[in-house]
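# Working through the structure, step by step
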Amino acid sequence: MRSAERARDPEPDVALAPRSTIGIGGAARWFTRATSVDDVAAAHVWAGDRGVDLFVLGGGSNLIIADRGFDGLVAQIDIQGVELRSDDGDTLVRVGAGQPWDPFVAAAVERGLAGLECLSGIPGSVGGTPVQNVGAYGQEVGDTIERVGVFDRQTQALLTLTNADCRFAYRMSRFKREDPDRFVVCDVTFRLRPGRPTTTYPDVIRHLARHDIATPTIADARSAVLAIRRGKGMVIDPADPDTRSVGSFFVNPVVPGDVHARLAASSPDGHAPGFTLPGAKVKIPAAWLIERAGFARGYAAGRAALSTKHPLAIVNRGGASAREVLDLAIRIKRQVLDRFGIALRPEPVFVGFGDDPDVRYLIRGG
């Protein structure tokens, strides 16, 4: 097969920084593009035969690549295609893992299908969404994913995992937690249906109210989310340096209700923002913690900085190194921990760092 032949003959020394939204990192020792499941399998065999590590790259929107690059084979997933079929009034949409995410969301909204509208404007490809259980403004992909087609690197077989098999949790899945290197996502099937949009998040509610939209459509919700994200520099725009980032660097922490009450009591105005969750838990905006720990928007440390629009995004001001980004992230995490006793957890994947102590602290420290 022609696609498999490409995978067996990768390119050497390919720059990875242009393939990430933050634009940092070194080169891949070897690089290939996988446009089919056969390509994925061939890449796995190629790396195994040569005893080198394999990293699977999606849209590059949620990763920090080491300055030294990746000493192995990088396979970028470029499996395309969208298939729709009806199922008892619902629409099942099977999407190739390499399909760009936001155009897919836009197409679902145009068809009047609810369930993804609050995930508008998120960069990257479809295949990365179940790994992170991507979520925003009151929705998560785990709410609508029916099944995920994966290549199992242990058995070298194509499997179908159900929603339950994926073990989705807040910004988490088995792909990231229990089996971070086992499965390669090849396609994702979503169960969508006509209905009212999700408008539970305060930012969305306020935006709709400001525009006098009392009964929003799915398209209204998408427009609101896009406007909110643009205002925070979270929609990729080559003309806006604040969008040269991985998006939100830290996950909003979920804490017990008494911890949230303690934060509110110690705040000068007696208030701490929070989104109440089941089980007496509260999700606190990481941005609020970061700013109150002393990091204003635009705070810079060398060529890495916080966005001037939103303190949750660490941006590359131009020529930043991965080490500069790590140093700033560690400084933020330590200061938030010292002040509030809450350990922030990073959202991006770290590639090519090995057992780096700084990365280990960011992921596990606290």
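Residues numbered from 1 in each chain as written. Predicted model: local features only at pLDDT ≥ 70, side-chain atom pairs only at ≥ 80, totals over all residues. Heavy atoms only, no water.

### Looking at the overall build of the protein
Here is the rule: Only DSSP runs of H or I with at least four residues qualify as helices, and only runs of E with at least two residues qualify as strands; both kinds are numbered from the N terminus onward. Throughout, radius of gyration means the C-alpha value; the globule benchmark is 2.2 Å times the number of residues raised to the power 0.38. Residue exposure (1.4 Å probe, protein chains only): buried if accessible area is under 20% of the type maximum, exposed if over 50%, otherwise partly exposed.
A count of helices and strands for the protein gives eleven helices and 22 strands. In terms of overall size, the protein behaves like a compact globule, its C-alpha atoms giving a radius of gyration of 21 Å where 366 residues would be expected to give roughly 21 Å. Dimensions of the protein along its principal axes, counting C-alpha atoms only, are 65 × 50 × 40 Å. Out of the 366 residues in the protein, the part that is buried amounts to 53%.

### So, unusual backbone geometry
Even without being glycine, Arg-171 reaches a positive phi, approximately 55°. Tracing the sequence through the fold places Arg-171 in the loop between helix H5 (163-166) and strand S13 (183-194). Owing to a relative accessible area of 9%, Arg-171 belongs among the buried residues under this scheme. Notably, Asp-212 is not glycine yet its phi reads approximately 55°, a positive angle. Here Asp-212 shows up in the loop between helix H6 (202-210) and helix H7 (218-231).

### Looking at the pattern of salt bridges
Put simply, the test is: Criterion for a salt bridge: a side-chain nitrogen of Lys or Arg within 4 Å of a carboxyl oxygen of Asp or Glu.
This model, assessed by the stated rule, comprises 22 salt bridges. A salt bridge links Arg-171 to Glu-140, with the shortest nitrogen-to-oxygen separation between them at 3.5 Å. Of this pair, Arg-171 sits in the loop between H5 and S13 while Glu-140 sits in strand S10 (residues 139-140), and the two are 31 residues apart along the sequence. In this structure, the salt-bridge partner of Glu-291 is Arg-297, at a minimum N-O distance of 3.3 Å. Residue classification places Glu-291 among the partly exposed positions, given a relative accessible area of 31%. Linked through salt bridges whose partners overlap, the residues forming this network are Asp-87, Asp-90, Glu-146, Arg-191 and Arg-193.

### Some thoughts on helix H8 (residues 257-266)
Put simply, the rule is: When we speak of the arc, we mean the arc of directions from the helix axis to the C-beta atoms. The contact rule is simple, with two residues in contact once any of their heavy atoms fall within 4.5 Å.
Buried within H8 we find Val-259, His-260, Leu-263 and Ala-264. Each buried residue of H8 sits inside an arc of 140° when the element is viewed along its axis, so together they form one side. Of the residues in H8, the exposed ones pointing more than 90 degrees away from the buried face are Asp-258, Ala-265 and Ser-266. Here the buried face of H8 lies against strand S15 (254-256), strand S17 (281-283), helix H9 (286-292) and helix H10 (322-340).

### Thoughts on the packing of aromatic side chains
What counts, and what does not: Put simply, two rings from Phe, Tyr or Trp (the six-membered ring, in Trp's case) pair if the centres are within 6.5 Å, and we call them stacked under 30 degrees between planes, edge-to-face over 60, tilted for the rest. Here, over-ring charges are defined by two tests on the NZ atom of lysine or the CZ atom of arginine: distance to the ring centre within 6 Å, and angle to the ring normal within 35 degrees.
Per the counting criterion, the structure on display carries 13 aromatic pairs. Measuring from centroid to centroid gives 5.5 Å for Trp-30 and Trp-46, while their planes differ by 65°, and the two rings are edge-to-face. Note that Trp-30 is positioned in strand S2 (residues 27-34) and Trp-46 in helix H2 (residues 37-50), a separation of 16 residues in sequence. For Trp-46, a relative accessible area of 6% gives the class buried. With a centroid separation of 6.2 Å and 35° between ring planes, the pair formed by Trp-288 and Phe-340 is classed as tilted. You can see Trp-288 sitting in helix H9 and its partner Phe-340 sitting in helix H10, a full 52 residues away along the chain. Residues Trp-288 and Phe-340 agree in their burial class; the two are buried. One aromatic cluster in this structure is built from Phe-249, Phe-250, Phe-350 and Phe-353. Just above the ring of Tyr-361 sits the side chain of Arg-334; from NZ or CZ to the centre is 4.9 Å.

### Re the layout of surface pockets
Spelled out, the test is: Space inside and on the surface of the protein is sampled on a 1 Å grid over the protein atoms alone, with a cavity defined as a set of points where a 1.4 Å probe fits but cannot get out and a pocket as an open set with protein on both sides within 12 Å along at least 5 of 7 lines; lining residues have an atom within 4 Å of a point. Grid points are joined across faces, edges and corners, and a volume is the space filled by probe spheres set on the points. Residues are sorted three ways: Asp, Glu, Lys and Arg are charged, Ala, Val, Leu, Ile, Met, Phe, Trp, Tyr, Cys and Pro are nonpolar, and all the rest, Gly among them, are polar.
Here the second largest pocket is characterised by a volume of approximately 190 Å³. For the lining of the second largest pocket, the secondary-structure elements that each account for two or more residues are strand S6 (82-87), strand S7 (90-96), strand S11 (145-152), strand S12 (157-162) and S13. Taken together, the residues of the lining of the second largest pocket break down into six nonpolar, three polar and five charged.

### Here we look at the sheet that holds strand S20 (residues 314-316)
Our working rule: For two strands to be treated as a pair, DSSP must find no fewer than two bridges joining them. Axis angles are defined between N-to-C directions and span 0 to 180 degrees, where every axis is a line fitted to C-alpha atoms and, for a helix, only to the segment in contact.
The three strands are arranged S18-S19-S20 in an open sheet whose pairing can be described as antiparallel. For this open sheet the edge positions go to strand S18 (300-301) and S20, each flanked by a neighbour on one side alone. Of the strand pairs in this sheet, strand S19 (residues 304-306) and S20 are connected by three bridges, and their pairing is antiparallel. Bridge pairing links Ala-304 to Asn-316 in S20. The sheet contacts of H10 involve S18, S19 and S20, and relative to S19 the element is tilted by about 40°.

### Let's talk about H6
Along H6, the residues that are buried comprise Asp-203, Val-204, His-207 and Leu-208. Angularly, the buried residues of H6 cover 125° about the axis, an arc narrow enough to put them on a single face. Turned more than 90 degrees off the buried face of H6, the exposed positions are Ala-209 and Arg-210. The secondary structure elements touched by the buried residues of H6 are H7. At the exit of H6 stands Asp-212, carrying a positive phi of roughly 55°.

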